[in-house]
Amino acid sequence: MAAYDKADLERRMAGSVEALKSDLQGLRTGRASTSLLDPVTVEVYGAQMPLNQVATVSVPEPRMLSVQVWDKSNVGPCDKAIRSAGLGLNPIVDGTTLRLPIPDLTEERRKELAKLAGKYAEEARIAARNVRRDGMDSLKTDEKKGLFGEDERKRHETEVQKLTDKTIAEIDAAASAKEKEILGK
């Protein structure tokens, strides 16, 4: 059985792109998005729970988020969790609903977020390169074991390199689109 598994490499590289897209979704642009509150956890019932497990998050208008808390006793903890999440949001409590106006981003904050998007992209590129290295190593190991010859190894290495190039191009495209969105260009 060969250690080289093209499908596994494709899956792992696609995973690095998906992880990047997930990280980029959490970055705040000028618009409201329910994914903005994904990292928020609330201390309720003696445990830390994701906000979306104690409330419904919706976007009633482009620059406003609405958090409908299901249990009235959790309104305070939800308010506190959102304020302390470091997102720069200040909830307005209205009964069991928290309204979150999305403030305009300052130029400085936009640049910080664009840098962070670049950092996430570089981490994804490194992950893709690590998958490539693993693939190349397994090809060399398989060749030494005599599972296939040098020509076949080189052909597979070309496939792995093409897959890596395609993955890195996807990462760059996702990152540059997010940077443009953040910088409002």
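Above this text sits the structure in question.
Residues numbered from 1 in each chain as written. Predicted model: local features only at pLDDT ≥ 70, side-chain atom pairs only at ≥ 80, totals over all residues. Heavy atoms only, no water.

Asks: I'm lost on the overall build of the chain in this one. Help?
Replies: If you tally the helices and strands in the chain, you get four helices and six strands. Element order for the chain, N to C, with α for helix and β for strand: α-β-β-β-β-α-β-β-α-α. Reported as C-alpha extents along the three principal axes, the dimensions of the chain are approximately 70 × 40 × 20 Å. Out of the 185 residues belonging to the chain, those deemed buried represent 38%. A fraction of 63% describes how many contacts in the chain between residues 6 or more apart in sequence connect residues 24 or more apart. Counting every atom, the chain has about 10500 Å² of accessible surface; 51% of that belongs to carbon and sulfur. In the chain, 31 side chains carry a positive charge and 31 a negative one; their mean positions are 3 Å apart. (Helix = DSSP H or I, 4+ residues; strand = E, 2+ residues; numbered from the N terminus. Buried < 20%, exposed > 50% of the residue type's maximum accessible area, 1.4 Å probe, protein only. Contact = heavy atoms within 4.5 Å. Areas by Shrake-Rupley, 256 points an atom, 1.4 Å probe, with all protein chains shown as cover. Lys, Arg positive; Asp, Glu negative; His and termini not counted. Charge placed at Lys NZ, Arg CZ, Asp CG, Glu CD.)

Asks: Where do I start with the environment of Leu89 in this structure?
Replies: Of note, Leu89 is situated in the loop between α2 (75-83) and β5 (92-94). A C-alpha to C-alpha distance of 53 Å links Leu89 and Thr141, two positions 52 residues apart in sequence. If we ignore the near neighbours within four places in the chain, the residues touching Leu89 are Leu36, Leu37, Ile82, Arg83, Leu100, Pro101, Ile102 and Pro103.

Asks: What am I meant to see in the sheet that holds strand β4 (residues 64-69) here?
Replies: Backbone-to-backbone hydrogen bonds join strands into a sheet, with any given pair of strands oriented parallel or antiparallel. What the four strands build is an open sheet, ordered β3-β4-β6-β5; its pairing is antiparallel. Both outer strands of the open sheet, β3 (55-61) and β5, are each paired with one neighbouring strand and no more. Pairs of neighbouring strands in the sheet enclose a mean axial angle of 25 degrees, with direction left out of account. The pairing of β4 with strand β6 (residues 97-101) spans five bridges and is antiparallel. When the sheet's bridge partners are listed, Gln68 is paired in β6 with Thr97. Set on the sheet, α2 makes contact with β4, β5 and β6; between it and β6 the angle comes to about 20 degrees. (Pairing = 2+ DSSP bridges. Axes fitted to C-alpha atoms, helices over the stretch in contact; angles between N-to-C directions.)

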